[in-house]
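Each chain, letter by letter, is given below.
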Amino acid sequence: TYFSAVMELNVSLPMTTAAYYPASQAGMVRQRITEIRQQYSRLIEQSAALTRVPAGLIAGLVFVESNGRATAVSSAGAVGLMQLKPQSANDAIFLENRMERLTEAEREIIIRYLGTRAEGIFRMKYLGHKLPQNNQSGNVVTREDLLKPEFNLLVGSMLLGLLIDQHTEGGVLRLDKALQD
């Protein structure tokens, strides 16, 4: 396997005989993931501890999505290390809050970056709920918010945790499905 993150999960994963990266690049891939983990060590570990998503999986996803570039912006509008769209980030925070999974530490980080705009998410009753607190848009997260590594990693890890929960079938994590969403 190319991602140490998968090894840390200790779950059954469907395997394929093909890999995106040829075997000749396996060393480069491992090295780059190690560099990403070192560069963002504190933030990745913080996100992993708060969301219970393995740090290796977070680092592996950062490698795949942005190659560790905090300023990466895709043609589809996905932003930052974990390549999130503003609406997806907003929705992840809303869902974590609605499911009562949002910890006080997560809430503090969100408020640190969003300030009073966070109320526009915390007061929503359903996804896309348009309120005066979110400028009648159903979203308060901006592209600029997602360019901040701590915020991006936390919210991206929240979203990944939601997808992992959604795609655990019969006690088996279908990581292939979780990462496809």
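Q: Tell me about helix 3 (residues 41-51), residues and numbers included.
A: Buried residues of helix 3: Leu43, Ile44, Ser47, Ala48, Leu50 and Thr51, and no others. Buried-residue contacts for helix 3 involve helix 2 (26-39), helix 4 (55-66), helix 6 (104-114) and helix 9 (149-166). Downstream of helix 3 by a residue or two, arginine 52 has a phi angle that is positive, lying close to 65 degrees.

Q: Report on helix 2, specifying residues and quantitative values.
A: The end-to-end C-alpha separation of helix 2 is 20 Å, in line with the 20 Å expected for 14 residues at 1.5 Å each. Those residues of helix 2 that fall on the buried side of the exposure criterion are Ala26, Val29, Arg32, Ile33 and Ile36. The arc enclosing the buried residues of helix 2, seen along the axis, measures out at 130 degrees, which places them on a common side. Structural note: helix 2 exposes Gln38 and Gln39 on the side pointing more than 90 degrees away from its buried face. Where helix 2 is buried, its residues contact helix 3 and helix 4.

Q: I'd like a description of the layout of surface pockets, backed by residues and values.
A: In this structure, the second largest pocket occupies an estimated 200 Å³ of space. Surrounding the second largest pocket, 13 residues form its lining, Thr51, Arg52, Arg101, Gly161 and Asp165 being those nearest its centre. Of all elements in the fold, only helix 3 and helix 9 reach the threshold of two or more residues within the lining of the second largest pocket. With four residues, the single largest contributor to the lining of the second largest pocket is helix 9. Residues of the lining of the second largest pocket, tallied by class, amount to five nonpolar, three polar and five charged.

Q: So what about the side chain of glutamate 150? Which residues, and what values?
A: Locating glutamate 150 in the fold gives a position in helix 9. A distance of 2.6 Å separates the side chain of glutamate 150 from the side chain of tyrosine 113, its partner in a polar contact.

Q: Account for the pattern of salt bridges, naming residues and giving values.
A: Enumeration according to the criterion identifies seven salt bridges in this entry. Linking aspartate 145 and arginine 117 is a salt bridge whose minimum nitrogen-to-oxygen distance equals 2.9 Å. Of the two residues, aspartate 145 is situated in helix 8 (residues 143-146) and arginine 117 in the loop between helix 6 and helix 7 (119-122); the sequence distance between them amounts to 28 residues. Residue arginine 117 is classed as partly exposed on the basis of its relative accessible area of 29%. Shared partners join several salt bridges into a network, and the residues in it are Glu96, Arg101 and Asp165.

What counts and what doesn't
- Residues numbered from 1 in each chain as written.
- Predicted model: local features only at pLDDT ≥ 70, side-chain atom pairs only at ≥ 80, totals over all residues.
- Heavy atoms only, no water.
- Buried < 20%, exposed > 50% of the residue type's maximum accessible area, 1.4 Å probe, protein only.
- Helix = DSSP H or I, 4+ residues; strand = E, 2+ residues; numbered from the N terminus.
- Contact = heavy atoms within 4.5 Å.
- Expected span 1.5 Å × (residues − 1).
- Arc of directions from axis to C-beta.
- 1 Å grid on protein atoms, 1.4 Å probe; cavity = no way out; pocket = protein on both sides within 12 Å on 5 of 7 lines; lining within 4 Å.
- Points joined across faces, edges and corners; volume = space filled by probe spheres on them.
- Nonpolar A, V, L, I, M, F, W, Y, C, P; charged D, E, K, R; others polar.
- Polar contact = N/O pair within 3.5 Å; in protein donor to acceptor, adjacent residues only side chain to side chain.
- Salt bridge = Lys/Arg side-chain N within 4 Å of Asp/Glu carboxyl O.

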